[in-house]
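The lines below spell out each chain.
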Amino acid sequence: MRSLNRLKWLHAFEATARHGSFTGAAQELGVTPAAVGQLVRSLEEWVGHPLLHRTRSGKERLTLVDEARDALQDITAGLDGLEQGLNKLRGARARAVVVITASQVLMMNWLMERLNRFSEQHDSIDLRLNVTEKLTDVLHGEADLGIRCGPGNWPGLQSTWLMDEEAVIVCSPQLLNGVTEADWLSKQKLIYDDTPHPGANFPDWETISQHVGVAFCEQNGLHINSTSAVILAALSGRGVAVVRKALVQQPIDLGQLRQLFPQHKWPLTWAYFIVRSERSSRRPEVTLFHDWLVAETGATLK
């Protein structure tokens, strides 16, 4: 005879294993950490041995014992199967949900129009957006998919290349008088994006000045520690900015920004990737969106 208590135990155990803590699992399940801990302990009592190594410090204070690690994949697949069965019971009324995370500026200027096209083609899937500048924890289920710009190696996540990236120089058309020669640049206020780009080969203004052939002068610059704010400053005519091209391609196409010195190229070692966890990759609706966006981006680049 099946025991519903055991199902609750397995649900709590699987969530705890993904989050590495009772607190993370409790936030997902909508109960208290103490309740999750009790459910996991009940499962441990039933199997007759501990399932988790418990430590007092570290990001993941709970780690799986070897026997539990071997069993977790089957448990996760079983819970996913139950979810699919429930959706079949709901039949045509069932709507799948995919949570996508990306930065605000990427969402607004690159991703949103693509999300609209996907929704027009797949109206049975609801897309929910987690718009944030911080690195959302896709591995532990805060989102199903993430669009990230970086080196492509995020531990525990599957990364699929979307497109390469380069830095471009932009300003508002209101700053231009039909001339964008090097001596014109030397008279403009330079906007500095102080957002870290470790290992990206992101060019600084001194490097750019050398490439375009103008003396570098750091005085009268505007330093901003937010890429979205840098773009807003450029749009409002506060100065000339150097930014990632994908983030400003839409305002360039709309004539809201002008790309300067396009003959000079500053390719980055970072690229854009779509990332997902092994668990989320087993959900058909997540795989559908993943494959669609990869194909859509590839078609756009051709």
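Residues numbered from 1 in each chain as written. Predicted model: local features only at pLDDT ≥ 70, side-chain atom pairs only at ≥ 80, totals over all residues. Heavy atoms only, no water.

- With an unreviewed UniProt entry as reference, the chain is termed LysR family transcriptional regulator, source organism Cedecea neteri.
- According to its UniProt record, the chain has this under Sequence similarities (unreviewed entry): "Belongs to the LysR transcriptional regulatory family." (UniProt positions renumbered as here; feature names shortened; annotations may be inferred.)

1. With respect to the overall build of the chain
- The helix and strand inventory of the chain stands at 11 helices and 11 strands.
- Here the C-alpha radius of gyration of the chain, 24 Å, is well above what a compact globule of 302 residues would show, namely 19 Å.
- Long-range pairs, those at least 24 residues apart, make up 75% of the contacts in the chain between residues at least 6 apart in sequence.
- A total accessible area of about 16,500 Å² is found for the chain, and carbon and sulfur atoms account for 51% of it.
- If you average the places of the 31 positive and of the 34 negative side-chain charges in the chain, the two averages end up 6 Å apart. (Helix = DSSP H or I, 4+ residues; strand = E, 2+ residues; numbered from the N terminus. Rg over C-alpha atoms; globule rule 2.2 N^0.38 Å. Contact = heavy atoms within 4.5 Å. Areas by Shrake-Rupley, 256 points an atom, 1.4 Å probe, with all protein chains shown as cover. Lys, Arg positive; Asp, Glu negative; His and termini not counted. Charge placed at Lys NZ, Arg CZ, Asp CG, Glu CD.)

2. Considering helix α11 (residues 284-301)
- Over its 18 residues, α11 extends 26 Å from the first C-alpha to the last, a length consistent with the 26 Å expected when each residue adds 1.5 Å.
- Listed in full, the buried residues belonging to α11 are Glu285, Val286, Phe289, His290, Trp292, Leu293, Glu296 and Thr297. Down the axis of α11, the smallest arc covering the buried residues is 170°, so these residues share one side. Turned more than 90 degrees from where α11 packs its buried face, Pro284 and Ala299 sit exposed. (Expected span 1.5 Å × (residues − 1). Buried < 20%, exposed > 50% of the residue type's maximum accessible area, 1.4 Å probe, protein only. Arc of directions from axis to C-beta.)

3. Here we look at the packing of helix α2 (residues 22-29) against helix α3 (residues 33-47)
- At a minimum axis separation of 8 Å, α2 and α3 run at an interaxial angle of 105°. Overall, the two elements α2 and α3 adopt an arrangement that is roughly perpendicular. Counted together, Phe22, Thr23, Ala25, Ala26 and Leu29 of α2 and Pro33, Val36, Gly37 and Val40 of α3 form the full contact between these two elements.
- Its residues assigned to classes, the contact of α2 with α3 shows 7 nonpolar, 2 polar and no charged. (Axes fitted to C-alpha atoms, helices over the stretch in contact; angles between N-to-C directions. Parallel < 35°, antiparallel > 145°, perpendicular 65-115°, else oblique. Nonpolar A, V, L, I, M, F, W, Y, C, P; charged D, E, K, R; others polar.)

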